[in-house]
Amino acid sequence: MNKAKPFNISKRVVWEAYKRVKANKGVAGVDGESIAEFEKDLQNNLYKLWNRMSSGSYFPPPVRAVEIPKDDGGKRPLGIPTVADRIAQTVVKAYLEPGVESCFHLDSYGYRPGKSAIEAVGVARKRCWRYDWVVDLDIKGFFDNLDHGLLMRAVRKHTDCKWILLYIERWLKTSVQLRDGSLVEREKGTPQGGVISPLIANLFLHYAFDEWMRKNHPSNSFERYADDIIVHCRSERQAKWIKSEIEKRLLECKLELHPKKTKVVYCKDSNRGGKYPNKKFDFLGYTFRSRISKSQKGDFFISFSPAVSGKAAKKMRRVMRSWRVHRRSDKSIEELSQFCDPIFRGWMNYYGRYRKSELSRTFQTFNGILLRWAMRKYKKLRCRVNKGIRWLDRVASNQRWLFVHWQAGFRLWGWTIRAG
């Protein structure tokens, strides 16, 4: 073994890690260096990173603290590593992930190759038809409260590679730089925003929850996407009991269920009567609740099923308004389509998988924004709402290909014009 380079890290893996980081884009860390600036001296920067990691002398810089708004009005803290540190984390992930991936539970869907959130929603949908009750779990401050000792114990079950263990421990202890430049030391948790964080958090919950459920409650199915978890039960009594058992288990792992957001939900449909306080829950951007459905024979019945959640729809409308399209009178409608429609297709592919029609009102907001844009752009339409509506109706009919929601056949207008 080379004493100067005690750790055998492939330069090829470092190069592949850089390409992945570049593809994911992202903002600068505490050093203010963007990907473009990192690439100005790419060969030298990658060599220095490989050299330091191979010799054990790589020490991660602090992560930059940023806050993003949450749906409940609060703030979610993120820790943004530097470009070089993201590459280093991607290197460790490349070595560690293949060894842990095969052990993960089939119903763990978050941040895994070949798994997706929409797959978890589909499985949950089918199981809500078979089970009458759901325990909707919310772990309080999951990423901020992960115990470092328990987390490293989980990692050591899957690798004895000294440099992987060394750098994961260093990342866990990396300080956070606040907006005022001050540094905050971290004794627990792993920052959301890091490349390695989702993998090691998944590994933690594999032992804290997935394996525990498999051994102790094998008859109760669940779906888990990172720390977003629902458990299916056959009775209210069983649901309340399992909820208390999970609460005890997580306390053993130094985690806590959110007392207000964790709840037992009744999956009410045509075959399930009774009155219960909780009859709906949100999971991965979908709201599961009783809805009127139509059978293949044309009969109507009540089904417990998912559709885009109110929070997700509100977020989409907020994004639409943030574009300020109605002020872009310098653009043609074709140019607007080139910018907006790829994003709309992503939303449609995800939120339109179940109950696509529920997206209609959300996209009517954009139709209203387009109406305002047209009335600004064309003199003949100014201050003439009805004339503007007729103009947009003709465009939507003749150029339906411009926007995916026009192709889906959604109503152009609701009862009122939602102009944004």
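Provided above is the structure to which this section pertains.
So, here's what we can say about the structure. This structure is a prediction, so every number in the text was calculated from the model and none was measured.

Concerning the sheet that holds strand β2 (residues 75–80)
Okay, step 1: Strands sit in the order β2-β1-β4-β5 across an open sheet of four strands; the sheet is mixed. Either end of the sheet is taken by a strand with one partner, and the two such strands are β2 and β5 (183–184).
Okay, step 2: One ladder, built from six bridges, connects strand β1 (residues 63–69) with β2; its direction is antiparallel. Bridge pairing links Glu 67 to Pro 77 in β2.

Side note on the sheet that holds strand β9 (residues 281–283)
Okay, step 1: What the three strands build is an open sheet, ordered β9-β10-β11; its pairing is antiparallel. Every other strand in the sheet has two partners, leaving β9 and β11 (300–308) as the edge strands with one partner each. Along the sheet, successive strands turn relative to each other by an average axial angle of 50 degrees, direction set aside.
Okay, step 2: Of the pairings in the sheet, the one linking strand β10 (residues 286–294) to β11 comprises nine bridges and is antiparallel in character. Along β11, the bridge assignment pairs Thr 287 with Ala 307.

Observations concerning the packing of aromatic side chains
Okay, step 1: According to the stated counting rule, one finds 31 aromatic pairs in the structure shown.
Okay, step 2: With centroids separated by 6.0 Å and ring planes inclined at 70 degrees, the aromatic side chains of Tyr 286 and Tyr 354 adopt a geometry described as edge-to-face. Remark: Tyr 354 occurs in the loop between α12 (333–351) and α13 (360–377) and Tyr 286 occurs in strand β10; sequence separation between them is 68 residues. Each member of the pair, Tyr 286 as well as Tyr 354, carries the same accessibility label: buried.
Okay, step 3: A ring pair is formed by Trp 323 and Phe 344, whose centres lie 5.8 Å apart and whose planes are at 40 degrees; its orientation type is tilted. Within this pair, whereas Trp 323 is found in the loop between α11 (310–322) and α12, its partner Phe 344 is found in helix α12, the two being separated by 21 residues in sequence.

Things to note about a positive patch on the surface
Okay, step 1: Together, Arg 324, Arg 327, Arg 372, Arg 376, Lys 379 and Arg 382 make up a positively charged patch on the protein surface.
Okay, step 2: For Arg 376, the position within the fold is in helix α13.

Observations concerning α12
Because an α-helix packs 3.6 residues into every turn, residues spaced three or four apart end up facing the same way.
Okay, step 1: Along its length, α12 shows its largest kink, about 40 degrees, at Cys 340, and proline Pro 342 lies within four residues downstream of that point.
Okay, step 2: Regarding α12, the residues found buried are Ile 333, Leu 336, Ser 337, Cys 340, Asp 341, Phe 344, Trp 347, Met 348, Tyr 350 and Tyr 351.

Remarks on helix α8 (residues 162–173)
Okay, step 1: Taking 1.5 Å of rise per residue, the 12 residues of α8 would be expected to cover 16 Å, and the 17 Å separating its terminal C-alpha atoms lies within 8% of that figure.
Okay, step 2: For α8, the full list of buried residues reads Trp 163, Ile 164, Leu 165, Tyr 167, Ile 168, Arg 170, Trp 171 and Leu 172.
Okay, step 3: Where the residues of α8 are buried, they touch α3 (42–55), α4 (83–101), α7 (148–156) and α9 (197–216).

A few points about the nonpolar core
General note: in soluble globular proteins, nonpolar side chains tend to be found buried as a group.
Okay, step 1: Counting 64 residues, the largest nonpolar core has Met 53, Ile 87, Ile 168 and Val 231 as the members making the most contacts within it.
Okay, step 2: Among the elements that take part in this core, α9 stands out by supplying 10 residues, more than any other.
Okay, step 3: In this structure, Ile 168 is in contact with Val 92, Leu 96, Met 152, Val 155 and Ile 200, ignoring residues within four places of it in sequence.
Okay, step 4: Residues Cys 128, Met 348, Ala 374 and Phe 403 belong to the second largest nonpolar core, which totals 56 residues.

Brief notes about the pattern of salt bridges
Okay, step 1: Tallying each qualifying case throughout the model produces 18 salt bridges.
Okay, step 2: Residue Arg 249 pairs with Glu 252 through a salt bridge whose shortest N-O separation is 3.4 Å. With Arg 249 and Glu 252 both in helix α10 (residues 236–252) and three residues apart, the pair spans about one turn of that helix.
Okay, step 3: Residue class for Arg 249 comes out buried when judged on its relative accessible area of 19%.
Okay, step 4: Since its relative accessible area comes to 57%, Glu 252 is described here as exposed.
Okay, step 5: Residue Arg 272 is joined to Asp 269 by a salt bridge in which the shortest nitrogen-to-oxygen separation is 3.7 Å. Here Arg 272 and Asp 269 have matching classes, each one buried.
Okay, step 6: Each of the salt bridges in this network shares a partner with another, and the network as a whole consists of Arg 12, Glu 16 and Lys 19.

Section: the packing of α7 against α8
Okay, step 1: As a packed pair, α7 and α8 sit with axes 11 Å apart at the nearest point and diverge in direction by 160 degrees. Our classification of the angle between α7 and α8 gives roughly antiparallel. Relative to α8, α7 is oriented so that their crossing is right-handed. On α8, the residues that touch His 148, Leu 151, Met 152, Val 155 and Arg 156 of α7 are Leu 165, Ile 168, Glu 169 and Leu 172.
Okay, step 2: Among the residues making up the contact of α7 with α8, the classes are represented as six nonpolar, one polar and two charged.

Cut-offs applied
Residues numbered from 1 in each chain as written. Predicted model: local features only at pLDDT ≥ 70, side-chain atom pairs only at ≥ 80, totals over all residues. Heavy atoms only, no water. Pairing = 2+ DSSP bridges. Helix = DSSP H or I, 4+ residues; strand = E, 2+ residues; numbered from the N terminus. Axes fitted to C-alpha atoms, helices over the stretch in contact; angles between N-to-C directions. Phe/Tyr/Trp six-rings, centres within 6.5 Å; stacked < 30°, edge-to-face > 60°. Buried < 20%, exposed > 50% of the residue type's maximum accessible area, 1.4 Å probe, protein only. Patch = residues over 30% accessible without salt bridge, like charges linked within 9 Å, V, L, I, M, F, W, Y side chains within 5 Å. Areas by Shrake-Rupley, 256 points an atom, 1.4 Å probe, with all protein chains shown as cover. Salt bridge = Lys/Arg side-chain N within 4 Å of Asp/Glu carboxyl O. Lys, Arg positive; Asp, Glu negative; His and termini not counted. Charge placed at Lys NZ, Arg CZ, Asp CG, Glu CD. Bend = angle between axes of the 7 residues up to and from the residue. Expected span 1.5 Å × (residues − 1). Contact = heavy atoms within 4.5 Å. Core = buried A, V, L, I, M, F, W, Y, C linked by side-chain atoms within 4.5 Å. Parallel < 35°, antiparallel > 145°, perpendicular 65-115°, else oblique. Left-handed = near helix turned anticlockwise from the far one by under 90°. Nonpolar A, V, L, I, M, F, W, Y, C, P; charged D, E, K, R; others polar.

Honestly, that's just the spatial picture; any functional story needs more than this.
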